[in-house]
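# Survey of secondary and tertiary structure
Chain by chain, the residues run as shown.
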Amino acid sequence: MQIRQTISLGLLIALVFATAASGHNITRILAKHPEFSTFNHYLTITHLAADINRRLTITVCAVDNAGMADLLSKHLSVYTMKNVLALHVFADYFGAKKLHQISGGTTLTATMFQATGEADGTSGYVNITDVKGGRVGFAPEDNSGTLGSYFVKSIEEKPYNISVIHISHILSSPSAEAPTAAPSLNVTDVMRLKGCKAFADLLVSEKAEDTFVQSVEGGLTVFCPSDDVLDEFMPKFKNLTAAGKMALLLYHGVPVYNSMGMLRSNNGLMNTLATEGKNKYDFTVQNDGELVKLKTKAVTATVSGTLVDEEPLAVYKINKVLLPRELFKAVKEELAPEPAPAPKASKKKPKTKAKKGETSDDDEEAEAPGPDGSEDDSADDTAADENSSVRISSLGMMAVSSIFGAVMFL
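We now turn to the structure provided with this report.

Conventions adopted
- Residues numbered from 1 in each chain as written.
- Predicted model: local features only at pLDDT ≥ 70, side-chain atom pairs only at ≥ 80, totals over all residues.
- Heavy atoms only, no water.
- Helix = DSSP H or I, 4+ residues; strand = E, 2+ residues; numbered from the N terminus.
- Buried < 20%, exposed > 50% of the residue type's maximum accessible area, 1.4 Å probe, protein only.
- Contact = heavy atoms within 4.5 Å.
- Areas by Shrake-Rupley, 256 points an atom, 1.4 Å probe, with all protein chains shown as cover.
- Disulfide = S-S within 2.5 Å.
- Core = buried A, V, L, I, M, F, W, Y, C linked by side-chain atoms within 4.5 Å.
- Patch = residues over 30% accessible without salt bridge, like charges linked within 9 Å, V, L, I, M, F, W, Y side chains within 5 Å.
- Salt bridge = Lys/Arg side-chain N within 4 Å of Asp/Glu carboxyl O.
- Lys, Arg positive; Asp, Glu negative; His and termini not counted.
- Charge placed at Lys NZ, Arg CZ, Asp CG, Glu CD.
- Phe/Tyr/Trp six-rings, centres within 6.5 Å; stacked < 30°, edge-to-face > 60°.
- Lys NZ or Arg CZ within 6 Å of the ring centre and 35° of its normal.
- Pairing = 2+ DSSP bridges.
- Expected span 1.5 Å × (residues − 1).
- Arc of directions from axis to C-beta.

## Overview of the overall build of the chain
- Scanning the chain from terminus to terminus reveals 17 helices and 14 strands.
- The buried share of the chain, reckoned over its 410 residues, is 40%.
- Here the analysis covers contacts within the chain between residues at least 6 apart in sequence; of these, 64% occur between residues at least 24 apart.
- A total of about 22,700 Å² of accessible surface is found on the chain, and carbon and sulfur atoms cover 55% of it.

What follows is the structure in structure tokens.
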């Protein structure tokens with residue numbers, strides 16, 4: 001009986017810690033390395049980031065910004081881009097050590113492109129070869145075995161959960177780069193028919209429409225300012241740079257489908273279509289009773305209606321334009337109230353010894369709080385990250401405590 005309890009306890013503890021160790025976030029991993037910001041951006045746009053985060057064992061072959069420039073020069077659609085990048089995600093773990101110790105010097109591994117069903121035959125496989133001189137090369141199966149890309153360095157490894165490595169060039173594959181049809185659902189048409197015509201027209205005029213339309217297939221949530229709200233905001237919009245205008249529009253799209261029920265139950269930070277590298281472009285979803293509020297550092301908007309909520313697309317009307325802190329931090333500081341002038345110092349009274357049971361004037365004085373009682377943005381972000389870690393650690397400890405309690409009960 002004692003042996004059985006000991007074994008059960010060991011297995012349960014192993015399960016708890018294995019589950020905690022399996023979590024990873026490819027967007028956060030790559031955000032630490034600005035040289036991969038373009039690759040990271042397209043993992044989000046194509047929804048591959050979410051797919052990668054759901055996998056327990058994965059290898060991501062990241063290409064730096066210079067290497068991505070070669071791919072972008074081909075002007076592929078987002079759907080085709082997804083197939084190409086999926087070829088860079090292996091369904092197995094390959095850390096630096098394993099790459100240099102491949103049995104027989106070469107191996108064939110399946111990719112996420114093969115798993116989509118879009119690959120012809122075995123074109124979704126990649127050949128990994130440990131060549132002379134300690135170099136490791138990669139070649140898609142449908143590229144005549146030509147080793148056109150090589151291992152550069154390891155970015156991050158969590159054996160045997162996730163390995164993120166830097167490779168020298170994009171893996172070129174005729175099958176992955178073949179044109180892919182776009183979905184039939186058009187998000188801007190939905191907006192025009194349901195009361196957000198001004199925002200839809202702005203997406204078209206600023207050439208942001210394609211990003212929204214092409215994101216629908218993998219799941220998309222759009223927060224659309226009503227026509228009167230957008231009309232009032234237009235003078236500020238016109239003062240933004242071209243890049244700022246594009247970022248603000250993409251900031252209103254989240255590359256994941258969220259029903260109203262999901263918004264009400266999944267409070268917290270959300271990445272947007274504008275999220276890229278160090279530019280977080282995120283906001284916080286927070287419930288207020290039955291209301292759903294979207295909070296940035298500059299404004300708080302409320303969801304005022306639902307235009308459409310049919311997976312994979314959800315479009316909600318909001319009562320304010322979302323202002324990302326990356327663009328509107330100065331506006332926020334300008335609107336902050338100025339602190340009141342400090343009162344004139346009065347002459348100090350001579351200190352008197354307090355009688356027994358009384359307090360002196362010095363004991364009653366307390367330090368006054370700051371003008372708004374808040375800290376700066378960086379402190380908020382740090383606290384948020386630390387709080388997330390604390391919550392995760394607490395859950396793990398609670399789970400272990402429960403397990404020990406159950407075993408002791410037995």
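## A short note on the state of the cysteines
- With the rule as written, the count across this model stands at 1 disulfide.
- Between the sulfur of Cys 196 and that of Cys 224 lies a disulfide, 2.3 Å long from S to S. Pair noted here: Cys 196 is in the loop between helix H9 (187-193) and helix H10 (197-205) and Cys 224 is in strand E8 (residues 220-225), with a separation of 28 residues, a long-range link.
- A residue is classified by how much of its surface remains accessible, and Cys 196, at 0% relative accessible area, is buried.
- Using a relative accessible area of 0% as the deciding quantity, one classes Cys 224 as buried.

## Here's the deal with the nonpolar core
- Formed by 55 residues in total, the largest nonpolar core has its most connected members in Val 187, Met 191, Phe 223, Phe 283 and Val 315.
- Phe 36, Ile 58, Met 68 and Leu 85 belong to the second largest nonpolar core, which has 42 residues in total.

## What to know about a negative patch on the surface
- On the surface, Asp 227, Asp 228, Asp 231 and Glu 232 cluster together to form a negatively charged patch.
- Counting through the fold element by element, Glu 232 comes out in helix H12 (residues 227-238).

## Examining the pattern of salt bridges
- Within the structure shown, the criterion is met by 10 salt bridges.
- Glu 156 is the partner of Lys 32 in a salt bridge, and the nearest nitrogen-oxygen pair spans 3.6 Å. Separated by 124 residues along the polypeptide, Lys 32 in the loop between helix H2 (26-31) and helix H3 (37-45) and Glu 156 in strand E6 (residues 149-158) bring together distant segments of the chain.
- The class of Lys 32 is exposed, set by a relative accessible area of 56%.
- Residue Lys 74 pairs with Glu 177 through a salt bridge whose shortest N-O separation is 3.1 Å. In this pair, Lys 74 is assigned in the loop between helix H5 (65-72) and helix H6 (78-86) and Glu 177 in the loop between strand E7 (162-167) and H9, connecting sequence segments 103 residues apart.
- Here the salt bridges share partners, and the residues they tie into one network are Asp 189, Arg 192, Lys 197 and Asp 201.

## Let's talk about the packing of aromatic side chains
- Evaluation of the coordinates by the stated rule reveals 8 aromatic pairs.
- Relative to Phe 94, the ring of Phe 90 lies with its centre 6.2 Å away and its plane at 85°, an arrangement referred to as edge-to-face.
- On the accessibility criterion, Phe 94 (4% relative accessible area) is buried.
- Seen in terms of ring centroids, Tyr 251 and Tyr 281 are 6.1 Å apart; in terms of plane orientation they differ by 70°. Their pairing is edge-to-face. On the criterion of sequence distance, the pair formed by Tyr 251 in the loop between helix H13 (242-250) and strand E9 (253-254) and Tyr 281 in the loop between strand E10 (268-270) and strand E11 (283-288) is long-range, its members being 30 residues apart.
- Judged by relative accessible area, which is 0%, Tyr 251 ranks as buried.
- By relative accessible area, Tyr 281 is classed as buried at 8%.
- Members of the aromatic cluster, connected to one another through ring pairs, are Phe 223, Tyr 251, Tyr 281, Phe 283 and Tyr 316.
- The ring of Phe 94 carries Lys 98 above its face, with NZ or CZ at 4.5 Å from the centroid.

## A few points about the pairing of strand E4 (residues 125-130)
- When strand E3 (residues 106-110) meets E4, the two strands line up antiparallel, connected through 5 bridges. Directly across from Thr 109, in E4, lies its bridge partner Val 126.
- The antiparallel pairing of E4 with strand E5 (residues 136-140) creates a hairpin that spans 5 residues between the two strands, and Gly 133 there sits at a positive phi of about 85°.

## Brief notes about H12
- For H12, with 12 residues, the first-to-last C-alpha span of 16 Å sits near the 16 Å given by 1.5 Å per residue.
- All of the buried residues along H12 are Val 229, Leu 230, Phe 233, Met 234 and Phe 237. Along the axis of H12, the buried residues cluster in a sector spanning 155°; they form a single face. Turned more than 90 degrees away from the buried face of H12 sit Asp 228, Asp 231, Glu 232 and Pro 235, all of them exposed.

## A look at the side chain of Thr 46
- Its location among the elements puts Thr 46 in the loop between H3 and helix H4 (48-54).
- Excluding its chain neighbours within four sequence positions, the residues that come into contact with Thr 46 are Val 78, Met 81 and Lys 82.

## Some words on the environment of Asn 266
- Take Asn 266: it is sitting in the loop between helix H14 (260-265) and E10.
- Residue Asn 266 is classed as partly exposed on the basis of its relative accessible area, which comes to 42%.
- The spacing of Asn 266 and Val 285 is 19 residues in sequence and 7.8 Å in space, taken between C-alpha atoms.

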